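Commentary on secondary and tertiary structure
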Amino acid sequence: MSSIPDVNVLLVDDLPENLLALEALIRQPGRRIFTARSGDQALSLMLEHAFALAILDVQMPAMNGFELAELMRGTERTRTIPIVFVSAAGREQNYAFRGYESGAVDFLYKPLDPHTVRSKVAVFVDLFRQRLELQATRDELQRAVTMRDDFMSMVSHELRNPLNSVYLQAQLRRKMLTGPEPSRTDAMLRLVDRDERQIRNMIRLLDDMLDVSRLRTGRLAMVPAPYDLAELSRRVVEAINDLAATAGCSVLIQAPQALPIEGDEFRIEQVITNLLTNALRYGQGKPVAVTVSRNGQQASVSVRDQGMGIAQADQDRIFEQFERAEGSQQVPGLGLGLFIARQIVQAHSGRLEVRSQPGAGAEFVLHLPLPSAT
Ligand SMILES: Nc1ncnc2c1ncn2[C@@H]1O[C@H](COP(=O)(O)OP(=O)(O)OP(=O)(O)O)[C@@H](O)[C@H]1O
Ligand SMILES: [Mg+2]
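Cut-off values and rules
- Residues numbered from 1 in each chain as written.
- Chains lettered and ligands numbered in written order.
- Predicted model: local features only at pLDDT ≥ 70, side-chain atom pairs only at ≥ 80, totals over all residues.
- Heavy atoms only, no water.
- Helix = DSSP H or I, 4+ residues; strand = E, 2+ residues; numbered from the N terminus.
- Rg over C-alpha atoms; globule rule 2.2 N^0.38 Å.
- Buried < 20%, exposed > 50% of the residue type's maximum accessible area, 1.4 Å probe, protein only.
- Contact = heavy atoms within 4.5 Å.
- Near = heavy atom within 4 Å.
- Polar contact = N/O pair within 3.5 Å; in protein donor to acceptor, adjacent residues only side chain to side chain.
- Areas by Shrake-Rupley, 256 points an atom, 1.4 Å probe, with all protein chains shown as cover.
- Lys, Arg positive; Asp, Glu negative; His and termini not counted.
- Salt bridge = Lys/Arg side-chain N within 4 Å of Asp/Glu carboxyl O.
- Axes fitted to C-alpha atoms, helices over the stretch in contact; angles between N-to-C directions.
- Left-handed = near helix turned anticlockwise from the far one by under 90°.
- Nonpolar A, V, L, I, M, F, W, Y, C, P; charged D, E, K, R; others polar.
- Pairing = 2+ DSSP bridges.
- Domains from an automatic or database assignment.

1. Describing the overall build of the protein
- Along the protein, the regular secondary structure elements total 8 helices and 12 strands.
- Computed over C-alpha atoms, the radius of gyration of the protein comes to 33 Å, more than 25% over the 21 Å expected from 2.2 N^0.38 for 374 residues, which places it beyond the range of a compact globule.
- Across its three principal axes, the protein shows a C-alpha extent of roughly 105 × 65 × 40 Å.
- A burial count over the protein gives 40% of its 374 residues as buried.
- Long-range contacts, defined as pairs at least 24 residues apart, comprise 66% of the intrachain contacts of the protein with a sequence gap of at least 6.

Shown next, in the form of structure tokens:
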């Protein structure tokens, strides 16, 4: 609810001088006043705009104010618009308006007292504003609840499969160890390696979820210290290459000898690992290139793959929580990695950008400011 929209008020009177006088009385910033000279004109305006209030002159030639009110109460879109009748005191008082029960109705008597007019209008305008705010809050709440439900089902799904498989593997190991011909140690070790990888993945997933909740509550602390970005990148690539090798995929790195910088090395490592994991996940097994470079007062790390790429329409969205690009649903993932990565980079006064064309791979570039050379 950043910008409050104008609130519309409708004035209906057959006499232009009355409309002018009333309008002058209640005109205010934040209000948009519409005027109509007849019931018909008023109805068509009401079908087009949402009104906080309609002020109806009771005495009009073709369709009087009460008749207009009855028509309003009979139409879905206009039924709930509060009505204030303007009448000559004493004359129409015994005219019972049949729409009383169905909505807010009030009266103003001629000659109009400016103070009464203004305060009545203010009450209805405030009411309308509050209703709008309530509606927005309700929508927001609904979105949050839906998001929570989606999230819970995603997490359960993401954890259930690997846990189930680790469980089955454990049973298999038991059989292998206690069966008639116990397996050889090296075969056993290979299997244990695989278990460890799966368990590490689950831990990473839980860590991501923890980071998101820390980000939301401002508790994701950065601990800055000098470190070497080139050296860090080489280390991350080496670690990932051990994983990538099993998938038959290679990561090549081009980096200067050293690139001293300041920041939270552990968090930047997390960002680069994230980008590389994505490149392997969505890179369709093709080679991935990492380039570390320095550009004036800026250092950058580019991670480029030759995979499926990302449609223009998805390129902003994927940095939000739980957002994933069209067509990557068959690859497991929660849609948290880039969200966390961008927040970390921004906490370092840096930028994380994407360049991509569908089918032609994707390049993610991390820019970080270098400490000024003083
Ligand atoms: N290199 C890439 N190539 C193509 N699409 C990508 C690439 N990197 C990210 N994406 C798209 O952006 C989405 C969001 O990425 P992000 O890393 O935030 O989440 P994720 O990989 O789905 O899950 P996780 O939370 O495990 O990282 C991905 O689901 C994918 O659709
Ligand atoms: Mg990811």
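2. Structural notes on the site of ligand 1
- Residues in close proximity to ligand 1 total 20 residues, the closest being Asp305, Arg324, Ser328, Leu336 and Leu338.
- A distance of 2.8 Å separates an oxygen atom of ligand 1 from a polar atom in the backbone of Ala325.
- Within the backbone of Gly335, one N or O atom sits 2.9 Å away from an oxygen atom of ligand 1.
- For ligand 1, the protein covers 99% of the area, taking 590 Å² as the surface of the free molecule.

3. Description of the side chain of Asp264
- By secondary structure assignment, the location of Asp264 is in the loop between β8 (260–263) and α7 (265–282).
- Arg267 provides the closest opposite charge to the buried, salt-bridge-free Asp264, at an N-O distance of 4.9 Å.
- At 3.2 Å, the side chain of Asp264 forms a polar contact with the backbone nitrogen of Phe266.
- Contact partners of Asp264, with chain neighbours within four places excluded, come to Ala221, Met222, Val223, Pro224, Tyr227 and His348.

4. A short note on the side chain of Asp211
- Its location among the elements puts Asp211 in helix α5 (residues 185–216).
- On the basis of relative accessible area, Asp211 is assigned to the buried category, the value being 4%.
- Of note is the side chain of Asp211, whose polar atom sits 3.2 Å from the side chain of Arg267.
- Among the polar contacts made by the side chain of Asp211, one reaches the side chain of Gln270 at a distance of 2.7 Å.
- What Asp211 contacts, discounting residues up to four positions off in sequence, is Leu220, Arg267, Gln270 and Ile340.

5. Considerations on the packing of α7 against helix α8 (residues 337–347)
- Relative orientation of the contacting elements α7 and α8 amounts to 145°, with a least axis distance of 9 Å. In this structure, α7 meets α8 at a crossing whose hand is left-handed. Here α7 contributes Arg267, Ile268, Gln270, Val271, Asn274, Leu275 and Asn278 to the contact with α8, which in turn contributes Gly337, Leu338, Ile340, Ala341, Ile344 and Val345.
- Considering only residue class, the contact of α7 with α8 consists of 8 nonpolar, 4 polar and 1 charged.

6. Focus on the pairing of strand β10 (residues 298–304)
- With 5 of 7 residues buried, β10 lies mostly within the body of the structure.
- Count of turn residues in the strand β9 (residues 288–295)/β10 antiparallel hairpin: 2 residues, of which Gly296 carries a positive phi of about 60°.
- As paired strands, β10 and strand β12 (residues 362–369) are joined by 7 bridges and run antiparallel to one another. Along β12, the bridge assignment pairs Gln298 with Pro369.

7. Focus on the domain arrangement of the protein
- When its domains are assigned, the protein resolves into domain 1 (7–135), domain 2 (150–216) and domain 3 (225–369).
- On a C-alpha basis, the centres of domain 1 and domain 2 stand 67 Å from each other.

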